[in-house]
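Residue-level structure breakdown
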Amino acid sequence: MEEREKFCMEQLSSGEALFTQGPEGYDMAAICFYKALKVYPAPAELVMVYQKTIPPEVFTLVMGMLSMDVQKKQEKYYTVFPPKEMNVKIEELAEGVTAEGQKVVRRGLVATKDFTAGETIYSETPIISSLEPSLEGNDFCHYCLKQIEESAKVRCATCSKVVFCSETCEKAATTEFHAVLCTKDSEDAHNPERALSDYTKETNNKYPEMIAKFLVRMVHEETLNSGEEYNLFDHIERLRFLEVRPSAAEEKEIALLKLALGSKIPGIEEFINEERYLTLKGKLLYNAYGVSTSLDASRSVEPSPEQYRSVHDAPVVGAGFYRVTSYVSHSCEPNTKVAFLEHTNNMSVVATRDIKAGEELHVGFIDQKNGTLSTEQRRQELFQHYRFKCMCPRCETTE
Ligand SMILES: [Zn+2]
Ligand SMILES: [Zn+2]
Ligand SMILES: [Zn+2]
């Protein structure tokens, strides 16, 4: 550790000495900054510092070297992810041919062994999840989204806005994101954490807060330096997303996030630029799943206006963003469904008919109203929400 730190400091000061010599020192300076970055325990933070402190020409060079690294890492990604024990892999599948005769491929999730109907293929916990704002602080856990018995309720030590089902969830939430986002019951409406929490309640929108949680968790994982080859950003970077056009609402959300996180995470204000924020929001809109953990099937929940993949008979209490299940594509005749068997946000993907190794997995993204929607209606709804024309066997044969 000490040696790494010493090496890092040396590289940083050589880099600085080199760029102060002017443009002829830029190449060598960039190499020094790149080397420092490779040993620094929280590289994302250091990049943010670079962005503010080193000349833009040098910064561009450092980013270029990093992107070469990224390219190498990217090529390797699908050979190690998802882990083998999940019984699935991500494959490039032929989607058709363009008018110019070019092959179109997309990534889909494929089973690596046979399953019979009713079997669980794999389970995974989300990168991040959030309750519907109207349920927050009542009888659902802020961390795992489980419904809580009054007697088991654990409160946040510093606010009355959220509750947990256990000490374990309270601890996990606090270390991963809540310590940064807790309002501490501030009475000042301009308090940045409270402003974000108030916005969530007032607009009934949970995705801005989910993005805040995601960013805090990402930085937290970086500082843990766990030796994981791929960080949270690597995992979501490859996922599809909807294009979100900037509006006054997004501008306000970006400003709220910058205030809430800015004083605690150095450099995050530069990191949350408009493009990145809109992309993150677009990733949530395309990939998030509705989570239904309620023990009471008749529970009525005020839904947020934000879309999620919804395939449940039970009431949806929130949404989750999942690493692997984001790759499952839609079919109007799916061979799997998602289930919350433990009544928490731990999602299981369950075969709804026999599946052979090598077969692609599908879920339904939309509620088909017990099969009463026509092909035209299904296609319209999918296009409106997910912007693709459904070419599943059911849509193709009943046209
Ligand atoms: Zn919990
Ligand atoms: Zn709190
Ligand atoms: Zn279809």
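Residues numbered from 1 in each chain as written. Chains lettered and ligands numbered in written order. Predicted model: local features only at pLDDT ≥ 70, side-chain atom pairs only at ≥ 80, totals over all residues. Heavy atoms only, no water.

Below, the discussion takes up the coordination of the zinc ion (ligand 2). For a metal with four tetrahedral donors the ideal donor-metal-donor angle is 109.5 degrees, while six octahedral donors give ideal angles of 90 or 180 degrees. Within the protein, the atoms that donate to the zinc ion (ligand 2) are C156 (SG), C159 (SG), H178 (NE2) and C182 (SG), at distances of 2.1 to 2.4 Å. Geometry at the zinc ion (ligand 2) is tetrahedral, judged from its four donor atoms and the angles of 105 to 114° they form at the metal. Read from N- to C-terminus, the donor residues coordinating the zinc ion (ligand 2) fall into the pattern C-x2-C-x18-H-x3-C. (Donors = N, O, S within 2.8 Å, 3.2 Å for Na, K, Ca; no water. Tetrahedral: all angles 85-135°; square planar, octahedral: opposite > 155°, others 65-115°.)

Turning to unusual backbone geometry, a few remarks are in order. Put simply, F81 and P82 share a cis peptide bond, and its omega is -5°. Looking at the element boundaries, P82 is found in the loop between α4 (56-80) and β1 (88-97). The backbone of N370 sits at a positive phi, close to 55°, despite the residue not being glycine. Note on placement: N370 falls in the loop between β12 (362-363) and α12 (375-386). Since its relative accessible area comes to 83%, N370 is described here as exposed. The phi dihedral of R387 is positive, around 55°, even though this residue is not glycine. Among the secondary structure elements, R387 is positioned in the loop between α12 and α13 (393-397). Of the residues examined, R387 reaches a relative accessible area of 45% and is grouped as partly exposed. (Helix = DSSP H or I, 4+ residues; strand = E, 2+ residues; numbered from the N terminus. Buried < 20%, exposed > 50% of the residue type's maximum accessible area, 1.4 Å probe, protein only.)

A word on the sheet that holds strand β11 (residues 347-351). A sheet is described by the order of its strands in space; here three strands give the open sequence β3-β11-β10, paired in antiparallel fashion. Whereas interior strands pair on both sides, the edge strands pair on one side only; in this sheet they are β3 (120-124) and β10 (336-339). For this sheet, the mean inter-axis angle between neighbouring strands, taken without regard to orientation, is 20°. Pairing analysis gives four bridges linking β10 to β11, with the strands arranged antiparallel. In the strand pairing of β11, A339 is matched with S348. (Pairing = 2+ DSSP bridges. Axes fitted to C-alpha atoms, helices over the stretch in contact; angles between N-to-C directions.)

So, about the environment of L196. Mapped onto the fold, L196 is located in helix α6 (residues 192-203). Taking relative accessible area as the criterion, L196 reaches 4% and is therefore assigned buried. In this view, L196 contacts L181, A212, L256, L257 and A260; residues no more than four positions away in its chain are not counted. (Contact = heavy atoms within 4.5 Å.)

These figures come from the coordinates and say nothing about function on their own.
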